[in-house]
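Chain by chain, the residues run as shown.
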Amino acid sequence: MGHRKSKGATIDADVVAGNGLLDRRVFLGGAAMAAATGGITFPDTAAGGPLPVESWMKTPGAPFVPYGQPSEYENKVVRTFTTVPGTTGTGASRTPHHLLNGMITPNGLHFERHHSGIPDINPDAHRLVIHGLVKRSLVFTLDELTRYPMESRIAFIECGGNGQLLYQKEPAQVGVQQMQGQVSCAEWTGVKLAALLQEAGVDPKAKWILAEGADAAGMSRSLPLAEIMQDALIALYQNGERVRPANGYPMRLLLPGFEGNMNVKWLRRIKLTEGPTMTKDETSKYTITMPDGKSLQFVFPQEGKSVITRPSPGLTMKEPGVYEITGLAWSGYGKIAKVEISVDGGKSWAPAALQEPVLSKALTRFRMAWRWNGGPAVLQSRATDDIGYVQPTREKMIADRGSRTIYHSNAVTTWGVSEKGEVKHVYA
Amino acid sequence: MSTHNSALAAACALGLFSSAALADTPNLGKVITPEEVAPWDISISPDGTGLPPGSGTPKQGEAVYASKCIACHGEKGAGKPNDALVGGIGSLGGDKPAMKTVGSFWPYATTIFDYVRRAMPYNESKTLTNDELYAVAAYILQLNGLIGENETMNAQTLPKVRMPNRDGFVTFVPAKPK
């Protein structure tokens, strides 16, 4: 299949920023679409002979299976993981965002962070206890909770350590999965925590809760009651099916927009307390140590952020032409209001199209059209949310917080494209 | 913390916690007694609330450490293959990498008891006795130079141990709407 060199200059009308960035409406049909395609030249050869009638077109396909799996040809679309020395289940796995599209993460590809493996919980033996500063201490079975009115919420969960490689002095030579794979998004369905607290009767002295998991690490975090009351969900379902074991089966806490570690999995106990318990994972870990040695504690929101998932390292661009730049944006403060793209290393920017639905505290897919002329390019995305929070550059993040931490890195990630179309992680 | 309080007051005003609306939930929770919750009620507050009876000394803790911890946390808590539990005091600021350990970084000694009881030894958590827990906490504190060799850790003494990084934390302030 031969391709003529496309004549970029013919669609100048659609160029919105330096180095060939095109109007976001190019891919959305209408006038801009017509204008763009009008300027594009088409391959001059056809498919190359009569189409084959493949074997699967002639013989009956496979039988039914009780639980479907992806095509065997998709067997490279998998999580990657790293574990703490001496353990098989403590560590993190990452979502392959460069190979996915849309806003929902398939359940088998949702990122994981475990502190003592994935417990094998018998749902009939699982209990949720609510006690401490309450009028009545209560215990619930899964069956009982399943009878409560439920709510669904599409929300991202992001590990507090996602993106930590951006704190390194030199750009790590890895792709989007290793860089930013500890964020995922699902539809979570469950019972409002507020309903259960109301049933237990909260003592006005209670200002915090301790949430604790049934895993061997007894993962536990303190959460300020007033800040979680509105949104906290005891999630029983993930994308329509029961929460996966790796994501907290049979129930987890969901705190939309808050640090992943606070969304306690395998939830077994909620204790209402006057103050925070100061658990290991809110003191020793998940605190941001600043250049002066002081550490920011209780960093609850995952602040506004975005990353280009395509093109990205590993996805080589084969020839000059029009490409879609796509990626994900999210903010723990609310809805994504705007994502801007630059392909000249931040010299000029233009807004990307936001794929509907755009939901508060959910992953938002953005799309942008780009005519790559075959020269070097430096790709960046920058998110702004609906409280006006703007994703910082790496330079600004490090100027503000230093690099003595691994947590809450939400800076712009930069991909460099070479003349060969190879994509690399770079600092701009 | 004042924002927490005012938001909570607002939640109360909205009737979020009032019992009037109770009829609207299926109301299926069963009352559970403190004795029944006790095996799960293992969290310890920084003021020591929740600490059980029992006690231990650094010397007793050394024996617990040698049989239950040393394989993963090294000779005298030096670390390898897993976290170092000793050292790094004074390393948090400046240009050299911070060495964060129980001694240099943890603000409260009670967290040692809470965490080791719930999560350690890694392969058989929640198996140490209260005396063993106090003893191994005492040993880690003594290795860090925070208590003397002859001090005993118990429900009264452990919360009183002054950790070097006790004032090293500042509550994060989220961005305000622009």
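About the criteria used
Residues numbered from 1 in each chain as written. Chains lettered and ligands numbered in written order. Predicted model: local features only at pLDDT ≥ 70, side-chain atom pairs only at ≥ 80, totals over all residues. Heavy atoms only, no water. Helix = DSSP H or I, 4+ residues; strand = E, 2+ residues; numbered from the N terminus. Buried < 20%, exposed > 50% of the residue type's maximum accessible area, 1.4 Å probe, protein only. Contact = heavy atoms within 4.5 Å. Areas by Shrake-Rupley, 256 points an atom, 1.4 Å probe, with all protein chains shown as cover. Arc of directions from axis to C-beta. pLDDT = per-residue confidence, 0-100. Salt bridge = Lys/Arg side-chain N within 4 Å of Asp/Glu carboxyl O. Phe/Tyr/Trp six-rings, centres within 6.5 Å; stacked < 30°, edge-to-face > 60°. Lys NZ or Arg CZ within 6 Å of the ring centre and 35° of its normal. Pairing = 2+ DSSP bridges. Axes fitted to C-alpha atoms, helices over the stretch in contact; angles between N-to-C directions. Domains from an automatic or database assignment. Polar contact = N/O pair within 3.5 Å; in protein donor to acceptor, adjacent residues only side chain to side chain. Nonpolar A, V, L, I, M, F, W, Y, C, P; charged D, E, K, R; others polar.

Undergrad: Before we move on, could you go through the overall build of chain B and cite the residues and values that matter?
TA: When you go through chain B residue by residue, the secondary structure sums to seven helices and four strands. Starting at the N terminus and ending at the C terminus, chain B contains elements arranged as α-β-α-β-α-α-α-α-α-β-β. Counting all 178 residues of chain B, 44% fall into the buried class. Sequence separation of 24 or more characterises 57% of the internal contacts of chain B that already satisfy a separation of 6 or more. Carbon and sulfur atoms make up 56% of the accessible area of chain B, which amounts to about 9,200 Å² in all.

Undergrad: Report on helix α6 (residues 394-401) of chain A, specifying residues and quantitative values.
TA: All names here are of chain A. Listed in full, the buried residues belonging to α6 are Arg394, Met397 and Arg401. Down the axis of α6, the buried side of the element spans an arc of 65°, and every buried residue falls inside it. Pointing more than 90 degrees away from the buried face of α6 are the exposed residues Glu395 and Ala399.

Undergrad: Let's hear about the confidence of the model for chain B: which residues, and what values?
TA: Of all residues in chain B, 87% have pLDDT values of 70 or greater, and the mean over the chain is 90. Every residue in residues 1-21 of chain B is under pLDDT 50, and counting partners more than four places away or in other chains gives 22 contacts.

Undergrad: Got a sec to walk through the pattern of salt bridges? Specific residues and values, please.
TA: Counted according to the given criterion, the structure contains 27 salt bridges over all chains. One salt bridge connects A:Asp231 with A:Arg153, and the closest N-O pair in it is separated by 3.5 Å. Separated by 78 residues along the polypeptide, A:Asp231 in the loop between α5 (225-228) and β12 (233-238) and A:Arg153 in strand β8 (residues 151-158) bring together distant segments of the chain. Note that A:Arg367 is salt-bridged to A:Glu324, the shortest N-O span being 3.2 Å. Within this pair, whereas A:Arg367 is found in strand β23 (residues 364-372), its partner A:Glu324 is found in strand β19 (residues 321-330), the two being separated by 43 residues in sequence. For A:Arg367, a relative accessible area of 19% translates into the label buried. Several salt bridges share partner residues, and in doing so they unite A:Glu212, A:Arg268, A:Arg269, A:Lys271, B:Asp41, B:Asp114 and B:Arg118 into one network.

Undergrad: How would you explain the packing of aromatic side chains if you had to name every residue and give the values?
TA: A full pass over the atoms with the stated rule returns 14 aromatic pairs over all chains. Where A:Tyr286 meets A:Tyr407, the ring centres are 5.0 Å apart and the plane angle is 35°; that geometry is what we call tilted. One end of the pair, A:Tyr286, is in the loop between β15 (267-273) and β16 (288-289); the other, A:Tyr407, is in the loop between α6 and β25 (414-417), and 121 residues separate them in sequence. A:Tyr407 shares its class with A:Tyr286; the two are buried. Here a set of aromatic residues connected by ring pairs shows up, and it is made of A:Trp208, A:Phe258, A:Phe298 and A:Phe300. When the ring centre of B:Phe105 is taken as reference, the NZ or CZ atom of B:Lys100 above it lies at 4.7 Å.

Undergrad: Give a detailed account of the pairing of strand β9 (residues 183-192) of chain A, specifying residues and quantitative values.
TA: All names here are of chain A. Where burial is concerned, most of β9 is hidden: eight out of the ten residues are buried. Bridge count for β8 against β9 is eight bridges, and the pairing is antiparallel. Pairing of Ile157 across the sheet is with Ser184, part of β9. Sheet topology places β9 next to β12; five bridges connect them, and they run antiparallel. Note that in β12 the partner of Thr189 across the bridge is Tyr237.

Undergrad: Describe in detail the sheet that holds strand β3 (residues 80-83) of chain A, supporting the description with residues and values.
TA: All names here are of chain A. Pairing is antiparallel in the open sheet, where three strands are placed in the order β3-β4-β5. The outermost strands of the open sheet, each flanked by one partner alone, are β3 and β5 (112-114). Strand after strand, the sheet turns through a mean of 10° between neighbouring axes, direction not considered. Here three bridges tie strand β4 (residues 91-94) to β5, and the two strands are oriented antiparallel to one another. Bridge pairing links Ala92 to Arg113 in β5.

Undergrad: Go over the sheet that holds β16(A) with me, naming the residues and quoting the values.
TA: On the basis of which strands lie adjacent, the open sheet formed by three strands has the order β16(A)-β17(A)-β4(B) and mixed pairing. Two strands close off the open sheet at either side, each with one partner strand: β16 of chain A together with β4 (169-171) of chain B.

Undergrad: Can you explain the domain arrangement of chain A? Please cite residues and give values.
TA: Residue and element names in this part refer to chain A. Split by domain assignment, chain A resolves into domain 1 (114-290) and domain 2 (305-426). Here the C-alpha centroids of domain 1 and domain 2 sit 29 Å apart. Taken together, the contacts link 35 residues of domain 1 with 34 residues of domain 2. Across the domain 1-domain 2 interface, the total number found is two salt bridges.

Undergrad: So, the interface of chain B and chain A: which residues are in play, and what are the values?
TA: Between chain B and chain A, the contact holds 61 residues from the first and 71 residues from the second. At the boundary of chain B with chain A, the tally comes to five salt bridges. In this structure, A:Glu144 engages B:Lys30 in a salt bridge whose closest nitrogen and oxygen atoms are separated by 2.8 Å. Summed over the shared surface of chain B and chain A, the number is 37 residue pairs in polar contact (both at pLDDT 80 or more). When residues of the side of chain B that touches chain A are traced back to their parent elements, those giving at least two are α1 (2-13), β1 (30-31), α6 (110-119) and β4 of chain B. Grouping the amino acids of the side of chain B that touches chain A by side-chain chemistry returns 33 nonpolar, 16 polar and twelve charged.

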